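So you can see what is in the structure, the chains are spelled out below.
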Amino acid sequence: MTEPKTSTATTRLTVAQALVRFLAAQYTERDGVRRRLIDATWGIFGHGNVAGLGQALLEYGAEMPYHQGRNEQAMVHAAVGYARQSHRLATHAVTTSIGPGATNLVTGAALATINHIPVLLLPGDTFATRPADPVLQQLEVPYAGDVSVNDCLRPVSKYFDRVTRPEALIPAALQAMRVLTDPVETGAVTLALPQDVQAEAYDWPEEFFAERVWAVRRTGVDPEELAAAVRAVRDARRPLVVAGGGVHHSEAEAALKEFADTTRIPVASTQAGKGSLTWDHPADVGGIGHTGTATACELARTADLVIGVGTRYTDFTTASGTLFAARDVRFLNLNIAPFDGHKLSGRPLIADARTGLEALTEALALHGHRAEPAYVTDYTDDKERWEHRVDAAYEADEPDTRPTQPQVLGLLDELVTGDDILINAAGSLPGDLQKLWRTRSRDQYHVEYGYSCMGYEIPAAIGVRMAAPDRPVWALVGDGTYLMMPTEMVTAVQEGIAIKVVVLQNHGYASIGGLSDSVGGERFGTAYRYRSEDGTYTGRPLPVDLAANAASLGMRVLRAKTVRDLRAALAEARAADTPICVYVETETADTVSGAPPAQAWWDVPVAETATRSSAVKAREVYDRHAAARRRHL
């Protein structure tokens, strides 16, 4: 970080005004590129922030752009989308009132922190001086006078402070910027701001408002760790790279391509890492884990060395300790975070993903190291067979029929280029996308699966489009996700942010319904239908018109009933320069080709005792899979 020049001059401002001015002067720098850290502030105002931060944002509107949201959680999602598209070098702030406005931030904060995405949260708080006690919406805690609902944000924030005096803002704000720009520690950062302190004036030193540049470091490799990593790769006969989100965060895609070109080691990807290599690169074998490709998962089963690059090995990726099945399998973890670098008892290579890959590639090239030709032929042929399965799932040669979900993706696949960005987060779509989607550019695939948060897609699409205003941005949502959070369509319309929302109506929670079926739950409570005589939700589909709802929120809506309709609607939507929604009711894959089934086991415990045969049979299957579970020690 560059230090401002020392001065004795002061300026009298409120705490909120000082914070806005301070935020407007913060910058990041990486690889010689400088950009503003907090590009804008989202806000919904109430009594806890309207006279403080609300007034300050009005006062300094020329320095800090403001965006009006409809839901506090959604505002965080928009900030996360913006930050991810900006390589974590820029983000937005989010301000709310006290009470429900503040607690609505919790889900968004958890999503940001789990995915290591920076976002600054500025919730109002109850009075620090307590003249009005309790104030409207205050949570009274009999055993503690210094607790408010904002304390709910502590476990989901990477840094939390409550600014109870004006002068306390200076160290709190500096610590907040430190964490936001730390590639290891970044996530949600919360500065809780009591409503009286926000409006309190103070004589601030002028240097507090001087431009500060926070260097986003690229940690280099330790020579001994690098030497050990090179030995591990050279000794491996069936190595496999697992590319995670850290590849994208560090802009290491070109370095990964060079590594793959040099070594010909195959590269599988997590949901966060998909697109690290484009789908047509010879070494790209697709997604890994429960929703991965057969090619990647079979390579994982037989790998003797798994090279994790920027991944934290989540349950889906590791398939609960059953996917990496080779008796002698070992792990080499290139990660900027030591916590993740040591997972699965792996050999750590603690470094920035790009720096580490460059060093590893150079060292291996000195030895002329390449994967064995037979191994390359094996995974190349298997990848070709998988692509035929993708073609079969995408095929939509009956234009007057209702499309399946994979066919929707196939029609979109026909249309897009590397400029398009697809956003998704929850339901059955992430699985189909990871198996089937042919990623054409490094940032085309934007699936939030660290928290798998329903409702993320539409506000995140707004944030992404704000960061990439000249690119087509698609939010793909099922009806369950749509009903969670359609509110920011109003924001898109108000701001003229030309996102493209594709709503797939399948009358319920299709993904969890399928999981329920597999674990003996018989799809209980997962369908959007009327109650039947037996009390279950198995009657007629509900007469909910999501297209009409989207239209009522100001969106232009295109209804598609058939494959032919959908092909035309998607083309029209892509050409649109205003917010637009495509609505389609999808067919189940029972009678036509759907996505291939799960390629790895996911550990979802099944009832150990039950009277219903579905659960009894599911438990038998569970026990067989669980017997193969292992700890990597």
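To be clear, the structure that these remarks concern was listed above.
Residues numbered from 1 in each chain as written. Predicted model: local features only at pLDDT ≥ 70, side-chain atom pairs only at ≥ 80, totals over all residues. Heavy atoms only, no water.

Colleague: What exactly am I supposed to notice about the overall build of the chain here?
Modeller: Summing up its helical and strand segments, the chain has 24 helices and 23 strands in all. The principal-axis extent of the C-alpha atoms belonging to the chain is close to 70 × 70 × 55 Å. With 633 residues in all, the chain has 58% of them scored as buried. Carbon together with sulfur atoms contributes 51% to the accessible area of the chain, which is approximately 25400 Å² in total. Charged side chains of the chain number 62 positive and 78 negative; the gap between the two group centres comes to 3 Å. (Helix = DSSP H or I, 4+ residues; strand = E, 2+ residues; numbered from the N terminus. Buried < 20%, exposed > 50% of the residue type's maximum accessible area, 1.4 Å probe, protein only. Areas by Shrake-Rupley, 256 points an atom, 1.4 Å probe, with all protein chains shown as cover. Lys, Arg positive; Asp, Glu negative; His and termini not counted. Charge placed at Lys NZ, Arg CZ, Asp CG, Glu CD.)

Colleague: What is the right way to read the sheet that holds strand β4 (residues 38–43) from this model?
Modeller: Working definition: the strands of a sheet are paired by backbone hydrogen bonds and lie parallel or antiparallel to each other. As summarised here, the arrangement of the six strands in space is β5-β4-β6-β7-β9-β8, forming an open sheet in which the pairing is parallel. Strands with a single pairing partner mark the edges of an open sheet, and in this sheet they are β5 (66–68) and β8 (159–162). On average, adjacent strands in this sheet sit at an angle of 20 degrees to one another, irrespective of strand direction. Packing against the sheet, helix α5 (residues 105–114) makes contact with β6 (91–96), β7 (119–125) and β9 (188–194), and its axis sits at approximately 155 degrees to β7. (Pairing = 2+ DSSP bridges. Axes fitted to C-alpha atoms, helices over the stretch in contact; angles between N-to-C directions. Contact = heavy atoms within 4.5 Å.)

Colleague: How should helix α3 (residues 72–85) be read in this particular structure?
Modeller: Owing to its 3.6 residues per turn, the α-helix brings residues three or four apart onto one side. Given a rise of 1.5 Å per residue, 14 residues ought to cover 20 Å, and the 20 Å separating the end C-alpha atoms of α3 matches this to within 8%. Along α3, 14 of the 14 residues are buried, which leaves the element largely enclosed by surrounding structure. N-capping of α3 is provided by N71, with a side-chain oxygen placed 2.8 Å from the backbone N of Q73. (Expected span 1.5 Å × (residues − 1). Polar contact = N/O pair within 3.5 Å; in protein donor to acceptor, adjacent residues only side chain to side chain.)

Colleague: Hey, could you run me through the packing of aromatic side chains in this one?
Modeller: Centre distance and the angle of the planes are the two values used to describe a pair of aromatic rings. All chains considered together, the criterion is met by 12 aromatic pairs. Between W601 and Y622, the ring centres sit 5.5 Å apart and the planes meet at 55 degrees, which makes this aromatic pair tilted. Here W601 is found in the loop between β23 (580–585) and α24 (613–626), whereas its partner Y622 is found in helix α24, with 21 residues between them in sequence. W601 gets classed as buried once you look at its relative accessible area, which sits at 14%. Joined through ring pairs, the aromatic side chains of F22, Y202, W204, F208 and F209 make up one cluster. The ring of F209 carries the charged tip of R21 above its face, separated from the ring centre by 4.2 Å. Residue placement shows R440 over the ring face of W437; its charged tip is 5.9 Å from the ring centre. (Phe/Tyr/Trp six-rings, centres within 6.5 Å; stacked < 30°, edge-to-face > 60°. Lys NZ or Arg CZ within 6 Å of the ring centre and 35° of its normal.)

Colleague: How should a nonpolar patch on the surface be read in this particular structure?
Modeller: A grouping of L483, Y530, L542 and V544 is seen on the molecular surface, where their side chains present a nonpolar patch of about 310 Å² in accessible area. Looking at the element boundaries, L542 is found in the loop between α21 (510–518) and α22 (546–552). Taking the relative accessible area as the measure of exposure, L542 reaches 30% and is therefore partly exposed. (Patch = residues over 30% accessible without salt bridge, like charges linked within 9 Å, V, L, I, M, F, W, Y side chains within 5 Å. Salt bridge = Lys/Arg side-chain N within 4 Å of Asp/Glu carboxyl O.)

Colleague: Any chance you could explain the pattern of salt bridges here in plain terms?
Modeller: When charged atoms on two side chains of opposite charge get close, those side chains can pair. Taken as a whole and judged by the stated rule, the model has 37 salt bridges. Among the ionic pairs, R162 bridges to D125, the shortest N-O distance being 2.7 Å. One end of the pair, R162, is in strand β8; the other, D125, is in strand β7, and 37 residues separate them in sequence. The two residues R162 and D125 agree in class, both being buried. Among the salt bridges present, the one from R442 reaches D443, with a minimum N-O distance of 3.6 Å.

Colleague: I'm lost on unusual backbone geometry in this one. Help?
Modeller: Where the residue is not glycine, phi is negative for most of them; where a peptide bond is considered, it is trans in most cases. In this structure, the amide linkage connecting D133 to the following residue, P134, adopts the cis form with an omega of 10 degrees. Mapped onto the secondary structure, P134 falls in the loop between β7 and β8. One non-glycine residue, H116, lies in the positive phi region at around 60 degrees. Among the secondary structure elements, H116 is positioned in the loop between α5 and β7.

Colleague: Help me understand the sheet that holds strand β22 (residues 556–560) in this model?
Modeller: Strand order in the open sheet made by the six strands is β19-β18-β20-β21-β23-β22, with parallel pairing throughout. Edge positions in the open sheet fall to β19 (445–447) and β22, since each of these has one partner strand only. With strand direction ignored, the average angle separating the axes of adjacent strands in the sheet is 20 degrees. The strands touched by helix α23 (residues 563–575) within the sheet are β20 (473–478), β21 (500–505), β22 and β23, with β22 carrying the most contacts at an inclination of about 160 degrees.

Colleague: What is the right way to read the pairing of β9 from this model?
Modeller: Along any regular strand, the residues point their side chains to alternate faces of the sheet. Among the seven residues of β9, seven are classified as buried, and the element is accordingly described as predominantly covered. What you see with β9 is no split at all: A188, T190, A192 and P194 on one side and V189, L191 and L193 on the other are buried throughout. Pairing between β7 and β9: five bridges, direction parallel. Residue D125 lies in a different strand from β9, and its bridge partner there is P194. With four bridges connecting them, β8 and β9 associate as parallel partners. Across the sheet, the residue bridging to R162 is A192, located in β9.

Colleague: Quick question: what am I supposed to make of helix α16 (residues 405–415) here?
Modeller: Among the 11 residues of α16, nine are classified as buried, and the element is accordingly described as predominantly covered. Every buried residue of α16 is listed here: Q405, P406, Q407, V408, L409, G410, L411, L412 and D413.

Colleague: So what exactly am I meant to see when it comes to the packing of α3 against helix α18 (residues 457–467) here?
Modeller: Between two packed helices, the angle of one axis relative to the other and the distance separating the axes together describe the packing. Two elements in contact, α3 and α18, have axes whose closest approach is 7 Å; the angle formed by their N-to-C orientations is 40 degrees. As the angle between them shows, α3 and α18 are arranged oblique. Taken as a pair, α3 and α18 cross one another with a handedness that is right-handed. Facing α3, whose interface residues are A74, H77, A78, G81, Y82 and Q85, α18 presents P459, A460, G463, V464, M466 and A467. Here the contact of α3 with α18 is composed, by residue class, of eight nonpolar, four polar and no charged. (Parallel < 35°, antiparallel > 145°, perpendicular 65-115°, else oblique. Left-handed = near helix turned anticlockwise from the far one by under 90°. Nonpolar A, V, L, I, M, F, W, Y, C, P; charged D, E, K, R; others polar.)

Colleague: Help me out: how do you make sense of the environment of V376 in this one?
Modeller: Within the fold, V376 resides in helix α15 (residues 373–394). Distance in space between the C-alpha atoms of V376 and R238 is 9.5 Å, their sequence separation being 138 residues. Among all residues touching V376, those that are not within four sequence positions of it are R264 and A371.

All quantities given are derived from atomic positions and should not be read as evidence of function.
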